[in-house]
Amino acid sequence: SGSRFSFLAIDFASRMGSSRIKEELDEFTKNPPPFCIPGPVDNVRFQWRVTVVGPPDTPYEGAEFPVSIHFPPDYPDSPPKVTFVRKIYHPNISSDGECINLDILHKSELSDEPRDGQWSSNLTISEIFSDICSLLTRPDLDRPTNPGATVTFKKNRSKYDATVRTW
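Note that the coordinates shown come from a computational prediction; the quantities given were computed from them, not determined experimentally. (Residues numbered from 1 in each chain as written. Predicted model: local features only at pLDDT ≥ 70, side-chain atom pairs only at ≥ 80, totals over all residues. Heavy atoms only, no water.)

**A closer look at the overall build of the protein**
As a reminder of what qualifies: By the criteria applied, helices consist of DSSP H or I runs no shorter than four residues and strands consist of E runs no shorter than two, each listed in order from the N terminus. The rule is simple: take the accessible area with a 1.4 Å probe, protein chains only, and divide by the maximum for that residue type; under 20% is buried, over 50% is exposed, in between is partly exposed. Residue contacts are defined here by distance: any two heavy atoms, one from each residue, within 4.5 Å place the two residues in contact.
What the protein contains, in helices and strands, is four helices and four strands. Across the protein, helices and strands are ordered from the amino to the carboxyl terminus as α-β-β-β-β-α-α-α. Burial analysis of the protein (167 residues in total) assigns 41% to the buried set. The long-range share in the protein, meaning contacts at least 24 apart out of those at least 6 apart in sequence, stands at 52%.

**Some points on the nonpolar core**
Operational definition: In this description, a nonpolar core means a group of buried Ala, Val, Leu, Ile, Met, Phe, Trp, Tyr and Cys residues linked to one another through side-chain atoms lying within 4.5 Å.
Counting 36 residues, the largest nonpolar core has Trp48, Val82, Ile100, Ile125, Ile128 and Phe129 as the members making the most contacts within it. Elements with a contribution of two residues or more to this core: α1 (2-30), β2 (47-53), β3 (64-70), β4 (81-84), α2 (125-137), α3 (147-155) and α4 (157-166). Examining the composition of this core, we find that seven residues originate from one element, α2, more than from any other. Discounting residues that sit within four places of it in the chain, Trp48 has contacts with Ile21, Glu24, Leu25, Phe28, Val41, Val67, Ser68, Ile69, Phe71 and Ile125.

**Focus: the sheet that holds β2**
This is how the line gets drawn: For two strands to count as paired, DSSP must find a minimum of two bridges between them. Helix axes are fitted to C-alpha atoms over the stretch in contact, other axes to C-alpha atoms as well, and angles between N-to-C directions run from 0 to 180 degrees.
Read across the sheet, four strands follow the order β1-β2-β3-β4 without closing on themselves; strand pairing throughout is antiparallel. The two strands at the open ends of the sheet, each matched to only one other strand, are β1 (36-38) and β4. Averaged over all adjacent pairs, the angle separating strand axes in this sheet is 25°, with direction ignored. Of the strand pairs in this sheet, β2 and β3 are connected by seven bridges, and their pairing is antiparallel. Bridged to Trp48 within β3 is Ile69. Contacts between α2 and the sheet are confined to β1, β2, β3 and β4, with β2 contributing the most and set at about 35° to the helix.

**Details of the environment of Gly97**
With respect to the helices and strands, the residue Gly97 is situated in the loop between β4 and α2. What makes Gly97 buried here is its relative accessible area of 0%. Counting along the chain gives 29 residues from Gly97 to Ser68, while the straight-line C-alpha distance between them is 9.9 Å. Filtering out sequence-adjacent residues up to four positions away, Gly97 remains in contact with Thr83 and Phe84.

**Some words on the side chain of His90**
In plain terms, the rule: Each polar contact in these results corresponds to two N or O atoms within 3.5 Å; when the atoms are within protein, one needs to be able to donate a hydrogen and the other to accept it, and residues that are neighboring in sequence are counted only if both atoms are side-chain atoms.
Its location among the elements puts His90 in the loop between β4 and α2. At 2.8 Å, the side chain of His90 and the backbone oxygen of Leu135 are in polar contact. Residue contacts for His90: discarding those within four places in its chain leaves Tyr60, Leu135, Leu136, Pro139, Asn146, Ala149 and Tyr160.

**Comments concerning the environment of Glu24**
For Glu24, the position within the fold is in helix α1. A relative accessible area of 9% places Glu24 in the buried class. C-alpha separation for the pair Glu24 and Ile125, spaced 101 residues apart in sequence, amounts to 7.0 Å.

**Observations regarding α4**
In plain terms, the rule: Throughout, the arc means the angular range of directions from the helix axis out to the C-beta atoms.
Taken residue by residue, α4 has Tyr160, Asp161, Thr163 and Val164 as its buried positions. Angular distribution of buried residues about the axis of α4 spans 160°; they occupy a single face of the element. Facing away from the buried surface of α4 by more than 90 degrees, the exposed residues are Ser158, Lys159, Arg165 and Thr166.

Function cannot be inferred from these measures alone, as they are strictly geometric.
Structure representation (structure tokens):
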């Protein structure tokens, strides 16, 4: 009976997450955050595609970055997995796009209560993408994921900007 309860709890959480994802998809499609273009979902609610357009006055300006969002079955209790599909040169994003150093994409492992800046079930996909676009505008140089990009950004900004454009 314990395993049946676990299955029912997972099924309920999955349905709740699916409902929340549908609501967020509807809102995101109607009112996407600046520099974000919703993409095809192919009737798979737990997998989205969004194109982030490089913000103006940045070395990313005008470039298009496809981003994949995978929602876990226990969403919104756990954050979605967000990855850049193509390479990007950025201090807070691994060069393969798999790791984005953004606190709101991570859940506290030590507590069920989120710390400031970490994942909370109250956050939305729109808020995540607003923060990602902010990172493109203002990297967090104190918390690098790509040390090479961070050093270049700090020591030779023109070389950094040129590398971003040719990456």
